[in-house]
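Secondary and tertiary structure notes
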Amino acid sequence: MVFHLVKKDFLLAKKYWIVMLVAAFVLPIFIHTRVDFITGGFLGFFISTLFIQYLLFNTVSMIEYKCKGAALLCATPYTRRAMVRAKYVFILAIFAGCYMLYSLSALAIPALAESLSASEVGLAVLILAVFFGTMIPVQYRYGYEKSKHIFMFILFLFPFVFPVMLKSMMQANRFELHDVIPLPQTVQGLFFGVLALLILGISMELSVRIYAKQSL
């Protein structure tokens, strides 16, 4: 049931597939070549993935809002819980696709796109889980029209604020994950990943409860 709902979301955004595929390959490289104070490819991968996830998710939300898609789906055997779960799976599927494309670019052009460590992948998942884990329940609570401006503003600030934060942390010699969590990178990645799934799980249950009370 969830698989078909996720497939539906990808089909709704099919007009942007080519653009997003190119962006997932080119944008991290572009950011990495322009931001020279960050070692590794984490920043380029994270910012490009955030934009791609948001644009695809926002596109699907906009189409469903205009076409009353949620109301129509509620008249089918699909439950509201399945509809909510599909949104979270959709976000995770986009992340997986962006990571695979970035990994391919890192193999093809290692001078311009550096491979990510397990801890960097886990950290990216964690930050994105916090962002979308907050955004999705808010959108279910207040609707697409009321919530889109808030997160669009936050997304606009991210490329300006986040690099500055990382730069200040590096200058203060505090941006070392191993110093914060003295564990091997693989274990760090698993820890961040489990924490991200926990956040998304809590967010999903909150979204289900909110959506169950909404009148469509």
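For the structure, check the block above.
For the structure given in this document, a descriptive report is provided here. (Residues numbered from 1 in each chain as written. Predicted model: local features only at pLDDT ≥ 70, side-chain atom pairs only at ≥ 80, totals over all residues. Heavy atoms only, no water.)

To continue, consider helix H9 (residues 185-213). Across its 29 residues, H9 extends 42 Å between first and last C-alpha, which sits within 8% of the 42 Å expected from 1.5 Å per residue. Every buried residue belonging to H9 is among Gln188, Gly189, Phe192, Gly193, Ala196, Leu200, Ser203, Met204, Ser207, Val208, Ile210 and Tyr211, and all of these are buried. (Helix = DSSP H or I, 4+ residues; strand = E, 2+ residues; numbered from the N terminus. Expected span 1.5 Å × (residues − 1). Buried < 20%, exposed > 50% of the residue type's maximum accessible area, 1.4 Å probe, protein only.)

A few words on the packing of aromatic side chains. Within the structure shown, the criterion is met by 10 aromatic pairs. Between Phe45 and Tyr99, the ring centres sit 6.1 Å apart and the planes meet at 80°, which makes this aromatic pair edge-to-face. You can see Phe45 sitting in helix H3 (residues 42-67) and its partner Tyr99 sitting in helix H5 (residues 80-108), a full 54 residues away along the chain. Residue Phe45 is classed as buried on the basis of its relative accessible area of 0%. Given the relative accessible area of 30%, Tyr99 is considered partly exposed. Taking 5.7 Å as the distance between ring centres and 40° as the angle between the ring planes, the aromatic pair formed by Tyr65 and Tyr144 counts as tilted. A residue pair is termed long-range when its members are at least 10 positions apart, and Tyr65 in helix H3 and Tyr144 in helix H7 (residues 144-171) qualify at 79 residues. (Phe/Tyr/Trp six-rings, centres within 6.5 Å; stacked < 30°, edge-to-face > 60°.)

Moving on, we come to the packing of H3 against H5. The relative placement of two packed helices comes down to the angle between their axes together with the axis-to-axis distance. Orientation of H3 relative to H5, taken along the N-to-C sense of each, is 140°, at an axis distance of 10 Å. For the pair H3 and H5, the sense of crossing is right-handed. Along its contact with H3, which presents Phe45, Thr49, Ile52, Gln53, Leu56, Phe57, Val60 and Glu64, the element H5 presents Lys87, Phe90, Ile91, Ile94, Phe95, Cys98, Tyr99 and Tyr102. (Axes fitted to C-alpha atoms, helices over the stretch in contact; angles between N-to-C directions. Left-handed = near helix turned anticlockwise from the far one by under 90°. Contact = heavy atoms within 4.5 Å.)

Oppositely charged side chains may form a pair once their charged atoms are brought near each other. This model, assessed by the stated rule, comprises five salt bridges. Here Glu64 and Lys8 are joined by a salt bridge, their closest N and O atoms 2.4 Å apart. Residue Glu64 is located in helix H3, and its partner Lys8 is located in helix H1 (residues 2-12); the two are separated by 56 residues in the primary sequence. Taking the shortest distance from any N to any O, the salt bridge between Glu205 and Arg81 comes out at 3.0 Å. (Salt bridge = Lys/Arg side-chain N within 4 Å of Asp/Glu carboxyl O.)

Mapped onto the secondary structure, Gln53 falls in helix H3. Residues contacting Gln53, with those up to four places away along its chain left out, are Ile91, Ile94, Phe95, Leu128 and Phe132.

Glancing now at the environment of Ile136. Positionally, Ile136 belongs in helix H6 (residues 118-142). The spatial distance from the C-alpha of Ile136 to the C-alpha of Lys87 is 8.3 Å, given a sequence separation of 49 residues. Residue contacts for Ile136: discarding those within four places in its chain leaves Phe57, Tyr88, Ile91 and Ser207.

Attention now goes to a nonpolar patch on the surface. A cluster of nonpolar side chains, Leu11, Trp17, Ile18, Leu21, Val22, Val26 and Phe30, forms an exposed patch at the surface whose accessible area comes to about 670 Å². Here the nonpolar patch gets six residues from one element, more than from any other, and that element is helix H2 (residues 17-34). Topologically, Ile18 is positioned in helix H2. On the basis of relative accessible area, Ile18 is assigned to the exposed category, the value being 62%. (Patch = residues over 30% accessible without salt bridge, like charges linked within 9 Å, V, L, I, M, F, W, Y side chains within 5 Å. Areas by Shrake-Rupley, 256 points an atom, 1.4 Å probe, with all protein chains shown as cover.)

What follows deals with the packing of H5 against H6. Put simply, H5 and H6 touch, their axes get as near as 11 Å, and they point 150° apart. One way to sum up the angle between H5 and H6 is to call them roughly antiparallel. Taken as a pair, H5 and H6 cross one another with a handedness that is right-handed. From H5, Met83, Val84, Lys87, Tyr88, Ile91, Phe95 and Tyr99 reach across to H6, where they touch Val121, Ala124, Val125, Leu128, Phe132, Ile136, Pro137 and Tyr140. Taken together, the residues that form the contact of H5 with H6 break down as 14 nonpolar, no polar and one charged. (Parallel < 35°, antiparallel > 145°, perpendicular 65-115°, else oblique. Nonpolar A, V, L, I, M, F, W, Y, C, P; charged D, E, K, R; others polar.)

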